[in-house]
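Chains, contacts and geometry: an overview
Here's the letter readout for the chains.
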Amino acid sequence: MVKSKASKYALHVFIIAGCVIMIYPLLWMFVSSFKPTTDIFTNTSLIPQSVTWDNYRQGWAGLSGVTFGTFFLNTFLLVGLCIVGNLISCSMAAYAFGRLRFFMKRAFFAIMLATLMLPFHVTVIPQYIMFNTFGWVNTYLPLVLPKFLGTEAFFIFLIVQFIRSLPRELDQAAEIDGCGPIKMYWYIMIPLTVPALMTTSLFTFIWTWNDFFSQLLYISNIERFPIALALRMFTDSLGDNNWGALFAMSILSLVPVFCVFIFFQKYLIEGISTGALKG
Amino acid sequence: MHTLKRFVQNNWVGYLFITPWLVGLIGLSAFPMGFSLYLAFTSYDLFSAPKWIGLGNFIEMFHDPKYTGSVGVTLHYVLIAVPLSLLFALAVALLLNKGIRGLRIYRAIYYVPSLFGGSVAVALLWRQLFGGEGLLNSLLHLLGIEGMNWIATPGTALYTLILLSTWQFGSAMVIFLAGLKQIPHDLYESARIDGAGTWKQFANITLPLLTPILFFNLVMQIIHAFQAFTPAFIVSGGTGGPLNSTLFYTLYLYQKGFAQFQMGYAAAMAWMLLCTIAVVTSLLFATSRTWVYYQE
């Protein structure tokens, strides 16, 4: 569509310049994590004069004897549980909404869509009071249990949309072969909805990894800290003196999400787009 | 008896599959909503029983300068950050949609900030970038300009957060791009044959056909922006300072509910937020009939 070669190059240059501006802060943080702390502020260039691993060594040592190894394991555990929870509860509800018939289905579906818009601050206070009475504060239960109960309606909606796009003939054939609804869910719907389930897992991964608010509310024991809380605590205890170590750990904290993005870009981009286009 | 048996027979599978969701809906959404509505009319500190005070919390809000301040800060943020994000998202999507090579890579790079934007790590980075000895000031110094501490200055602190939000325009851009791809090519071809220039094609084809996407992005971004928390919390160290200039609504709600344990007041704040978001989205939906173009 672009007319001349010159304007085509101009367009590329323009877009690349935009890219550089966009990722410069992240690149700078990455490069700074290898610089001695004294160098970070005086040196804006992206090429460090000397490369040091000190920041990583210092940072990894963590806080009050708890290393970042623990924080990472905690985060992975939390993320893993949340993914399992979302996969089970959302795919079950989506199968019911997408294929089964039952009393009040339309009403429930509408309510489910309405909860998409519900700001979670309205429920967070009573939920905190509830979980506090159960003695669950300082455990992962308040963070994980909601996922097993399908509170992330966005994913239910995503999978429903996907199920609706599948040909009905498959279910009918299976039904003729004597496949009941429970087997149908397990042997037909789960395998066929794998792309939507992938999107669900990936977004759960990223959102749980980046989450801060609910972790801040519920987790106060440093041995159970996920990365986000650890980083925040790190700044509070080091003050603004040790940016090197802080940057090193910040970079490490972004690596898993970045890997997920690199390897599964297709699912993510499609997931973002379908939510809007079919909605 | 017979009809009951049939009812159970026809419905049990469906209910079996929605049970987890239904339990969550009742236990984690419906009941808590009712409970927080009740709390909104009480004074409650988590340790002694809630005390009914009628409209007390709501009346107090309007006499609480920190509350009205946080409303102002949040509106300021929403009104600037959302249009800016959408503008950048649309502009870059249009550029990337010109059939250039390397689209996938460019799209990925522009999306990266959205991937990390909500994280504590990036908020910490922001605190450094715009701090007194931050990267921005070092860059300005190279140009011979004396910088300032952008984070610690009441007039600029909020704008650093607006910038952080705008920087994450990638997710809206991806949605715009997907929408642009769905516009049939022959529309543009027939427009060209009729002699329509680039601007006319944009105004008469691209923009109208993109309005449903624009609407979706607008609603989602607004809902999202009203609830922004992490960046303000991390950048201001949890205070909402300097001089409450970054005291976002949700940050004040957190302080009230979970630092001062005035849970009744915080619940009232949450309900005000819910009502505001509900009113804003219904207004948007109402106006959408006049400007959103739905293809048959």
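Residues numbered from 1 in each chain as written. Chains lettered and ligands numbered in written order. Predicted model: local features only at pLDDT ≥ 70, side-chain atom pairs only at ≥ 80, totals over all residues.

1. As for the overall build of chain A
For clarity, the threshold we go by: Runs of H or I in DSSP of at least four residues are treated as helices and runs of E of at least two as strands, each being numbered from the N terminus. C-alpha atoms define the radius of gyration in this analysis, and the globule rule sets the expected value at 2.2 Å times the number of residues to the power 0.38. The exposure scheme places C-beta atoms from the backbone and then counts, for each residue, the other C-beta atoms within 10 Å of its own, assigning buried at 20 or more, exposed at 12 or fewer, and partly exposed in between.
Counting secondary structure elements, chain A contains 14 helices and 0 strands. Put simply, chain A runs from its N terminus to its C terminus through helices and strands in the order α-α-α-α-α-α-α-α-α-α-α-α-α-α. Compactness check: chain A gives a C-alpha radius of gyration of 23 Å against a globular reference of 19 Å for 279 residues, more than 25% above the reference. With the principal axes as the frame, chain A shows a C-alpha extent of 70 × 70 × 35 Å. Evaluated residue by residue, chain A yields a buried proportion of 41% over its 279 residues.

2. Some points on the overall build of chain B
Worth spelling out the cut-off: Any pair of residues counts as being in contact when their C-beta atoms, constructed from backbone geometry, are within 7 Å of one another.
From N to C terminus, chain B includes 13 helices and 2 strands. Compactness check: chain B gives a C-alpha radius of gyration of 24 Å against a globular reference of 19 Å for 296 residues, more than 25% above the reference. Put simply, of all contacts in chain B between residues at least 6 apart along the chain, 70% involve residues at least 24 apart.

3. A few points about the packing of helix α4 (residues 103-116) of chain B against helix α8 (residues 170-181) of chain B
All names here are of chain B. Condition: Note on method: axes are straight lines fitted to C-alpha atoms, helices fitted across the in-contact stretch only, with angles between N-to-C directions ranging 0 to 180 degrees. By definition in this entry, angles of less than 35 degrees are roughly parallel, angles greater than 145 are roughly antiparallel, angles of 65 to 115 are roughly perpendicular, and the rest are oblique.
Interaxial distance between α4 and α8 falls to 7 Å at its minimum, and their mutual angle equals 140°. Of the possible angle classes, the one that applies to α4 and α8 is oblique. Note on element contacts: α8 touches α4 through Gly170, Ser171, Met173, Val174 and Leu177, opposite Arg107, Tyr110, Tyr111, Val112, Pro113 and Ser114.

4. Overview of the nonpolar core
Keep this limit in mind: Here, a nonpolar core denotes buried Ala, Val, Leu, Ile, Met, Phe, Trp, Tyr and Cys residues that are linked to one another through C-beta atoms within 7 Å. Here the bounds of each domain stem from an automatic or database domain assignment.
In terms of nonpolar packing, the biggest core is built from 118 residues, with Leu231(A), Tyr77(B), Ala89(B), Met173(B), Phe176(B), Ala267(B) and Ala270(B) touching the most fellow members. The dominant element in this core, judged by the number of residues it contributes, is helix α14 (residues 243-277) of chain A, at 13 residues. No fewer than three residues from each of domain 1 (5-57) and domain 2 (62-277) of chain A sit in this core. In contact with Met173(B), not counting residues within four places along its chain, are Ala89(B), Val92(B), Ala93(B) and Tyr110(B). Among the nonpolar cores identified, the runner-up in size contains 29 residues, and Met92(A), Ala94(A), Leu158(A) and Leu197(A) belong to it.

5. Some remarks on the interface of chain A and chain B
Cut-off, in case you're wondering: Three residue categories are used. Nonpolar comprises Ala, Val, Leu, Ile, Met, Phe, Trp, Tyr, Cys and Pro, charged comprises Asp, Glu, Lys and Arg, and polar comprises the others, including Gly.
Residue-level contacts link 68 residues of chain A with 72 residues of chain B. Broken down by element, the residue count for the side of chain A that touches chain B peaks at 13 residues, all from α14(A). Residue composition of the side of chain A that touches chain B, by class: 48 nonpolar, 17 polar and 3 charged.

6. Things to note about the packing of α8(B) against helix α10 (residues 198-226) of chain B
Residue and element names in this part refer to chain B. What counts here: In a left-handed crossing the near helix is turned counterclockwise from the far helix by less than a right angle, and in a right-handed crossing that turn is clockwise.
Running from N to C, α8 and α10 point in directions that differ by 165°, and their axes come no closer than 9 Å. Compared by their axis directions, α8 and α10 come out roughly antiparallel. The hand of the α8/α10 crossing is right-handed. Taken together, the residues of α10 that come into contact with α8 (itself represented by Ala172, Ile175, Phe176, Gly179 and Leu180) are Leu210, Ile213, Phe216, Asn217 and Gln221. Partitioned by chemical class, the residues of the contact of α8 with α10 number 7 nonpolar, 3 polar and no charged.

7. Here we look at α4(B)
Each α-helix winds once per 3.6 residues, and so residues spaced three or four apart point in a common direction. All names here are of chain B. Where we set the bar: By this rule the span expected of a helix is its residue count minus one, scaled by 1.5 Å. Fitting axes to the seven residues that end at a residue and to the seven that start at it, the angle between those axes gives the bend at that residue.
Between its terminal C-alpha atoms α4 stretches 21 Å, which fits the 20 Å expected from 14 residues at 1.5 Å a residue. The largest bend along α4 reaches roughly 30° and is located at Tyr110, with the proline Pro113 sitting one to four residues downstream. Three or more residues of α4 are buried, namely Tyr110, Tyr111, Pro113, Ser114, Leu115 and Phe116.

8. Concerning the domain arrangement of chain A
All names here are of chain A. Per the domain assignment, the segments making up chain A are domain 1 (5-57) and domain 2 (62-277). The centre of domain 1, based on its C-alpha atoms, is set 32 Å off from the matching centre of domain 2. At the junction of the two partners, domain 1 supplies 10 residues and domain 2 supplies 8 residues. For the side of domain 1 that touches domain 2, the secondary-structure elements that each account for two or more residues are α1 (5-32), α2 (37-42) and α3 (54-60).

9. Some points on the environment of Val73(B)
Residues and elements named next belong to chain B. Along the polypeptide, Val73 turns up in helix α3 (residues 65-96). Taking the C-alpha atoms as reference, Val73 lies 7.9 Å from Leu158; in sequence the two are 85 residues apart. For Val73, the contacting residues outside a window of four places in its chain are Leu158, Ser245, Thr246, Leu247 and Phe248.

10. What about helix α7 (residues 154-166) of chain B?
What α7(B) keeps buried is the set Ala157(B), Leu158(B), Thr160(B), Leu161(B), Ile162(B), Leu164(B), Ser165(B) and Thr166(B). For α7(B), the secondary structure elements touched by its buried residues are α3, α5 (120-129), α10 and α11 (230-235) of chain B.

11. Focus on the environment of Trp12(B)
Residues and elements named next belong to chain B. As for its position among the elements, Trp12 is in helix α1 (residues 2-39). Residue class for Trp12 comes out exposed when judged on the 12 C-beta atoms lying within 10 Å of it. Put simply, Trp12 and Thr290 are 278 residues apart on the chain and 44 Å apart in space, counted from C-alpha to C-alpha.

12. Details of unusual backbone geometry
Trans peptide bonds make up the majority, and among non-glycine residues the majority have a negative phi. With omega at 0°, the peptide bond leading from Gly241(B) into Pro242(B) counts as cis. Within the secondary structure, Pro242(B) is located in the loop between α11 and α12 (249-259). Even without being a glycine, Ser64(A) presents a positive backbone phi close to 35°. Among the secondary structure elements, Ser64(A) is positioned in the loop between α3 and α4 (68-99). Despite not being glycine, Leu46(B) has its phi angle at roughly 80°, a positive value. As for its placement among the helices and strands, Leu46(B) is situated in the loop between β1 (42-43) and β2 (51-52).

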